[in-house]
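# Close look at the chain arrangement
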Amino acid sequence: MSITATINAPSGPIRVGAGERLTIIGGPCALESEKVAIEVGETMRECCATLGLPYIFKASFDKANRSSLGSKRGPGLEEGLEILGKIRETVGVAITSDIHTAEQAEPAAEVLDILQIPAFLCRQTDLLIASGEAAALHKRCVNIKKGQFLSPSEMAGPIEKVRSTGCQDVIVTERGTFFGYHRLVTDLIGLGDLMELDVPTCFDCTHSAQLPGASASAENRVTGGRRDRIPMLANAAAAAGVQAIFMEVHPDPDRALSDASTQIPLAEAPAILKRIAAIYEAAGHR
């Protein structure tokens, strides 16, 4: 079975897999506004084009997994998909967002090029089956984020569930593994094990830098993180030879509605991308 996934982008198919160009998936964590989304999308598109890297825009229309009940979640399914559709058309890039229920799969697949399964939902059979069916019908891709609580080999189960529907364009994403309270670790041996599954592997360098619950208090329940470690993680993943790198990028991360501590400032993204592209090529991956 091929380990290449195809994304039908507006400018032509993007092939994610061994021997292909490193694909970049990036954008703001939450879909805050059309203005912010376009600013990030256009900047990332131009930077990736200069480096010869395929680019896919990411933003979540609903952040359902928030530390606090009062945290902002985004515009929701209907408005969010409308905005994302405009981004696809005006910026001219493929788009992805996460979905949280089986009922969201069909309307999301009408707009999104990749249906993203959140890590904390990666074993939910109904969600995986619905996503696979919708993706197969609309010729989309499904990206399954590895649960922070799972070993690499256990991701074979979620992959099998999606593929059972006839959807063969599947990606799996590493985003760190729980190491006690308030800590994630990036296990490079485990990343290598994940890359042995018969799907392309993506590495999420921003969520892997999270410190879940580390900044929580009775008044301010938020996830902490180490933004300063993100470039190092991205460099290591590029050297290891993952087929895609996922990063959350924002013009002003400290004011972002979600994951403020682990989003890359938009102004810093070009240098990070240039470095990982050079590492990827030097390591002989493409």
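Per chain, residues are indexed from 1 in the order of the written sequence. Where totals are concerned, whole chains, interfaces and linings use all residues; where local detail is concerned, this predicted model gives features only for residues with pLDDT of at least 70, and gives and counts side-chain atom pairs only at 80 or more. Only hydrogens and water are removed before side-chain values are computed, so all heavy atoms of the structure are retained for them.

Axis angles are defined between N-to-C directions and span 0 to 180 degrees, where every axis is a line fitted to C-alpha atoms and, for a helix, only to the segment in contact. Numbering of helices and strands runs from the N terminus, with a helix taken as a DSSP run of H or I at least four residues long and a strand as a DSSP run of E at least two residues long. Contact geometry of helix α3 (residues 102-109) with helix α4 (residues 125-138) gives a least axis separation of 8 Å together with a crossing angle of 15°. Classified by the angle their axes make, α3 and α4 are roughly parallel. When the axes of α3 and α4 are compared, the crossing they make is right-handed. Along its contact with α3, which presents Ala102, Ala105, Glu106 and Ala109, the element α4 presents Asp126, Leu127, Ala130, Ser131, Ala134, Ala135, Leu137 and His138. Residues are grouped as follows: nonpolar covers Ala, Val, Leu, Ile, Met, Phe, Trp, Tyr, Cys and Pro; charged covers Asp, Glu, Lys and Arg; every other residue, Gly included, is treated as polar. For the contact of α3 with α4, the residue count by class is eight nonpolar, two polar and two charged. Should an angle lie under 35 degrees it is considered roughly parallel, over 145 roughly antiparallel, and from 65 to 115 roughly perpendicular; all remaining angles are considered oblique. Take the far helix as your reference; a near helix turned counterclockwise from it by less than a right angle gives a left-handed crossing, and one turned clockwise gives a right-handed crossing. Any two residues whose heavy atoms approach within 4.5 Å are treated as being in contact.

Before going further, it helps to spend a moment on helix α1 (residues 34-51). Over its 18 residues, α1 extends 26 Å from the first C-alpha to the last, a length consistent with the 26 Å expected when each residue adds 1.5 Å. On its buried face, α1 is in contact with β3 (23-27), β4 (55-58), α2 (77-91), β14 (244-250) and α8 (269-282). In the segment just after α1, glycine 52 is the residue with positive phi, at about 75°. Helices are assigned an expected span. That span is 1.5 Å times one less than the residue count.

Within the fold, glycine 225 resides in strand β13 (residues 224-225). Judged by its relative accessible area of 25%, glycine 225 is partly exposed. Expressed as a C-alpha distance, the spacing of glycine 225 and proline 212, which sit 13 residues apart in the sequence, is 7.5 Å. Setting aside chain neighbours within four positions, we find glycine 225 in contact with Ala209, Gln210, Leu211, Ser261 and Thr262. Here the term buried applies to any residue with accessible area under 20% of the maximum for its type, exposed to any over 50%, and partly exposed to those in between, with areas from a 1.4 Å probe on protein chains only.

Counting 68 residues, the largest nonpolar core has Ile24, Met44, Phe57, Ile144, Ile245 and Met247 as the members making the most contacts within it. Those residues within four positions of isoleucine 144 in sequence are excluded, and the remaining contacts are Ile117, Cys122, Leu128, Met155, Pro158, Ile159, Val162, Val170, Ile171, Val172 and Thr173. Residue types Ala, Val, Leu, Ile, Met, Phe, Trp, Tyr and Cys, when buried and joined through side-chain atoms within 4.5 Å, form a set referred to as a nonpolar core. Residues Ile25, Ile56, Cys141 and Ala244 belong to the second largest nonpolar core, which totals 14 residues.

When we look at burial in helix α7 (residues 230-240), the residues that qualify are Ile230, Leu233, Ala234, Asn235, Ala237 and Ala238. Residues of α7 that are buried sit in contact with β11 (201-204), β14, β15 (264-265) and α8. Following α7 by one or two positions, glycine 241 has its phi on the positive side, about 95°.

Let us look at the state of the cysteines. In what follows, a disulfide is any cysteine sulfur pair within 2.5 Å. On inspection of all chains with the given rule, the structure shows zero disulfides. The thiol of cysteine 29 is not disulfide-bonded; the next cysteine sulfur, from cysteine 205, is found 13 Å away. Classification of cysteine 29 by relative accessible area gives buried; the value is 0%. For cysteine 167, which is in no disulfide, the shortest distance to another cysteine sulfur is to cysteine 141 and amounts to 6.6 Å. Among the residues examined, cysteine 167 registers a relative accessible area of 2% and is labelled buried.

A separate point is a nonpolar patch on the surface. Within the patch definition used here, like charges are joined within 9 Å and nonpolar side chains (Val, Leu, Ile, Met, Phe, Trp, Tyr) within 5 Å, considering only residues with over 30% relative accessible area and no salt bridge. Accessible surface area values rest on a Shrake-Rupley calculation with a 1.4 Å probe, where residue burial reflects the displayed protein chains alone. For salt bridges, the criterion is a side-chain nitrogen of Lys or Arg within 4 Å of an Asp or Glu carboxyl oxygen. Taken together, the side chains of Phe120, Phe149 and Phe178 define a hydrophobic patch exposed on the protein surface, amounting to about 290 Å² of accessible area. By the element assignment, phenylalanine 120 lies in the loop between β6 (114-117) and α4.

So, about the packing of α1 against α2. In the contact formed by α1 and α2, the axes pass within 10 Å of each other and the chain directions differ by 35°. When you trace α1 past α2, the crossing you get is right-handed. Across from Glu34, Ala37, Ile38, Gly41, Glu42 and Arg45 in α1, the residues of α2 making contact are Ile83, Lys86, Ile87, Thr90 and Val91.

In this analysis, rings of Phe, Tyr and Trp, with Trp reduced to its six-membered ring, are considered paired at centre separations within 6.5 Å, and the interplanar angle assigns stacked below 30 degrees, edge-to-face beyond 60, and tilted for intermediate values. Evaluation of the coordinates by the stated rule reveals zero aromatic pairs. The lysine or arginine in question, lysine 145, covers the ring of phenylalanine 246, its NZ or CZ lying 3.9 Å from the ring centre. For a ring to carry a charge above it, either NZ of a lysine or CZ of an arginine must fall within 6 Å of the ring centroid while also lying within 35 degrees of the normal to the ring plane.

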